[in-house]
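Structural features, examined
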Amino acid sequence: MEKKVIVTGVIGADVHAVGNKILAYALEEAGFEVVNLGVMVSQEEYIEAALETNADVILVSSLYGHGEIDCNGLRDKCNEAGLKDIILLAGGNIVVGKQDFKEVEKRFMKMGFTKVYPPGTQVETTIEDLNKMLSEK
Amino acid sequence: MIYLTADIGSTYTKLVATDIGLGKVIGTSCAFTTIETDVREGFNNALSNMEAKIGKFSYDKLICCSSAAGGLKMVALGLVPELTAKAARLTATSAGAKVVKTYSFEISRAEQEEIYEINPDLVLLCGGTDGGNKDVIISNARRLCQIDRDFSVIVAGNKSASHELQKIFTNPGNLANQNLGNSAQQVPEDSFNQELGGSDNYFPKDFVITQNVMPEFNKLNIEPARKCIEELFISRIVQAKGLSALQEMSGHEIIPTPLAVMRACELLSRGVSDAEGKGVEDSTVNCKEFEDLTVKGKGVEDSTKSEELSGLGDLIAVDLGGATTDIYSMAEGKPTASNVLCKGLPEPYAKRSVEGDLGMRYSLSALAQEAGVDKIAKEANLSKEKVEGWIEKCCANPDIVTTKDSLEQKIEEAIAKVAVEIATDRHAGIIESVYTPMGQMFALTGKDLSEVPVIIGIGGAITNSVDPAKILSGAKYNSARYMYSKPKDPSYMMDSKYVFASMGLLGDIDKVTALKILKEEINKI
């Protein structure tokens, strides 16, 4: 079976590089083809990479609290670019301060994300979810 | 041993005779190109001119390059503008082609018509990484087959689409009535074909399928497609452009002139890696490979490499012509400052860009529009009316030349400087400042050329000018346009005898002599 392609990177003006590398490594080890865009990735860059590589998933990381602003509109742009049913995931410290994650989740789902992960999520959880989502696709 | 090199330009046929034993250029000459009748006529005229200068002589070998009959006209197609479409353009320009236009995504009807009007010699079709998007490249292949023009197609996209692409190009008619996938609408496409003329709706094309220009995301693989372009130029274009008689005389393969210039630039920059002149023959080794080459085992030789064999290092060459402005940069272009992040597609060590809208004659009106007459007038320190008048004159009569110390000459210099400025702005990397919670950072897209020490001028508009350094200073960093990372403190050099293309040709046979002559003939201004 062909490997599923995941485009990943740290969105916005965020330069947290270490977690990004660990995440990419773990996903590769789990059998995915990973297109890692590194840090300071714009919405357009995720979309362009996903278009060329025919990606199945865009996985957005954000550690600096501005994730909500940075991620807003990503689904609309994906739709506009023809990436209609692409799986959109986000995780990290995606909002400012300590907030009820249920509320945060709601807001991200409303923005069109398929699933969001709270701080401290183990990568195994995401991999398990990914396998499930991709087999259902 | 005397080698004769011929550069068949659109206007002039230029000859350079080199004595390999002496390692010297013994004569240069030129005559009008006679491509419409018999290209050999112009060649023989130039040869007589040479003999009139240096006396009768016989040459042992003849090697030719050509940019006549429009040069190698290409269009490039890719998927995303900043990714495979850009990779396609970089590939075609590094093969010495004049890339008239680059298209991205599925091409529209208007774009099909535009390609019909451009009537390219070759089309480079790319799109998708290997295993990535197939739909766009397949759909564009069909759309190219709907264009009733006799161009060849080089396919260098997603390898997973190669089966379908082969079928389409071999027998497009068979596919005409099949469902085109997605939600393609057959009916309007058919009526469009009627408009394009011809009773057949699909026109088979000569094609070659080669490796992807971007096999993995953000990884360039220019060489295989570039080689295909060169081979097709030799097998197809040379004959179509009326150059086969010359090819027979020479026995050597004719290559596009910009490719010869590119090879000379690379030779002058990198030098020859050892006494036999081996190790740098590959003209588009990427930065990484080049690093490996110099690190693995070559380091010792490098340190003891005689001065004769060493190159000038990083350089930029500017070729300002009547129809286009070509910029060549030989540099890795890694960021020179510390807090800089690289963005976008990595560019090759040897990069060429061609600006079809920046030329001193045939594309002067486009240049004036792009730069603005005000800017040119300010640069020349003359009134707007005078500049406009001269531009009109040049457009009406492209053969017009200026007289020495005239106002026109001042305008010409100003135009040339502005053309160089815009062309190098487009060629160089762009630095943007980004504010992060960790302070100010910079993002670099393209090559950082700020520490390139040498800018070389090629082409009549620069070499015949009174103040070539002034024209070339358009390629220098300008604090008012700080985002373009152009050389901050360059010295200027000039190819006054126009030996660049010739030495690019000669370098194929004798690198050491070609390098020696380049270093002798390219002088500081």
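Source: prediction; values computed, not measured.

Conventions adopted
Residues numbered from 1 in each chain as written. Chains lettered and ligands numbered in written order. Predicted model: local features only at pLDDT ≥ 70, side-chain atom pairs only at ≥ 80, totals over all residues. Helix = DSSP H or I, 4+ residues; strand = E, 2+ residues; numbered from the N terminus. Rg over C-alpha atoms; globule rule 2.2 N^0.38 Å. Contact = placed C-beta atoms within 7 Å. Buried ≥ 20, exposed ≤ 12 C-beta atoms within 10 Å, placed from the backbone. Pairing = 2+ DSSP bridges. Right-handed = clockwise from strand over helix to strand, strands pointing away. Axes fitted to C-alpha atoms, helices over the stretch in contact; angles between N-to-C directions. Parallel < 35°, antiparallel > 145°, perpendicular 65-115°, else oblique. Nonpolar A, V, L, I, M, F, W, Y, C, P; charged D, E, K, R; others polar. Domains from an automatic or database assignment.

A few points about the overall build of chain A
- The helix and strand inventory of chain A stands at six helices and five strands.
- Tracing chain A from N to C terminus, the helices and strands come up as β-α-β-α-β-α-α-β-α-β-α.
- Here chain A has a C-alpha radius of gyration of 14 Å; the compact-globule value for 137 residues is 14 Å, and the two agree.
- With the principal axes as the frame, chain A shows a C-alpha extent of 40 × 30 × 30 Å.
- A separation of at least 24 residues holds for 75% of the contacts in chain A among residues at least 6 apart in sequence.

Re the overall build of chain B
- In terms of helices and strands, chain B carries 20 helices and 19 strands.
- Expressed as a percentage of contacts within chain B between residues at least 6 apart in sequence, the contacts between residues at least 24 apart total 74%.

Let's talk about the pairing of strand 1 (residues 5-10) of chain A
All names here are of chain A.
- Counting buried positions over the six residues of strand 1 gives six, a clear majority of the element.
- Alternating residues of strand 1 divide into Val5, Val7 and Gly9 and Ile6, Thr8 and Val10, and every residue in both groups is buried.
- The pairing of strand 1 with strand 2 (residues 33-36) spans four bridges and is classified as parallel. Paired with Val5 across the strands is Glu33, a residue of strand 2.
- Handedness of the crossover is the feature at issue here: the chain leaves strand 1, passes through helix 1 (residues 18-29), returns alongside strand 2, and the resulting connection is right-handed.

Considering helix 20 (residues 511-521) of chain B
- Restricting attention to buried positions, one finds in helix 20 of chain B the residues Lys511(B), Thr513(B), Ala514(B), Leu515(B), Ile517(B) and Leu518(B).
- Next to the buried residues of helix 20 of chain B lie strand 2 (12-19), strand 3 (24-32), helix 10 (257-270), helix 19 (500-506) and strand 19 (522-524) of chain B.

With respect to the packing of helix 10 of chain B against helix 20 of chain B
Residue and element names in this part refer to chain B.
- Taken N-terminus to C-terminus, the directions of helix 10 and helix 20 make an angle of 85°; their axes are 10 Å apart at the nearest point. On the basis of their axis angle, the class for helix 10 and helix 20 is roughly perpendicular. Every residue of helix 20 that contacts helix 10 at Ala264, Leu267 and Leu268 is listed here: Lys511, Ala514, Leu515 and Leu518.
- Here the contact of helix 10 with helix 20 is composed, by residue class, of six nonpolar, no polar and one charged.

Considering the sheet that holds strand 3 of chain B
Residue and element names in this part refer to chain B.
- Pairing is mixed in the open sheet, where five strands are placed in the order 3-2-1-4-10. Every interior strand has two partners, whereas the edge strands, strand 3 and strand 10 (255-256), have only one.
- In the sheet, strand 1 (residues 2-8) pairs with strand 2 via seven bridges, with the strands oriented antiparallel. Considered in strand 2, the bridge of Asp7 is made with Lys14.

Let's talk about the interface of chain A and chain B
- In this assembly, twelve residues from chain A lie in contact with 19 residues from chain B.
- Per-class residue counts for the side of chain A that touches chain B are seven nonpolar, two polar and three charged.

Focus on the domain arrangement of chain B
Residue and element names in this part refer to chain B.
- Each assigned domain of chain B is listed here: domain 1 (2-68 + 241-253), domain 2 (73-235) and domain 3 (315-507).
- Distance from the C-alpha centre of domain 1 to the C-alpha centre of domain 3: 30 Å.
- In this assembly, ten residues from domain 1 lie in contact with seven residues from domain 3.
- At the level of secondary structure, the elements contributing two or more residues to the side of domain 1 that touches domain 3 comprise strand 1, strand 2, strand 3 and strand 4 (61-66).

A word on the sheet that holds strand 12 (residues 325-330) of chain B
Residues and elements named next belong to chain B.
- Pairing in this open sheet of six strands is mixed, and the strands run 14-12-11-17-18-19 from one edge to the other. With one partner strand each, in any of the chains shown, strand 14 (350-355) and strand 19 form the two edges of the open sheet. Averaged over all pairs of adjacent strands, the angle between strand axes in this sheet comes to 20°, irrespective of strand direction.

What about unusual backbone geometry?
- The backbone phi angle of Asn54(A) is positive, close to 55°, even though this residue is not glycine.
- The topology assignment puts Asn54(A) in the loop between helix 2 (43-53) and strand 3 (57-62).
- With a phi close to 55°, Asp405(B) is a non-glycine residue in the positive phi region.
- By the secondary structure assignment, Asp405(B) is in the loop between helix 15 (384-396) and helix 16 (407-427).

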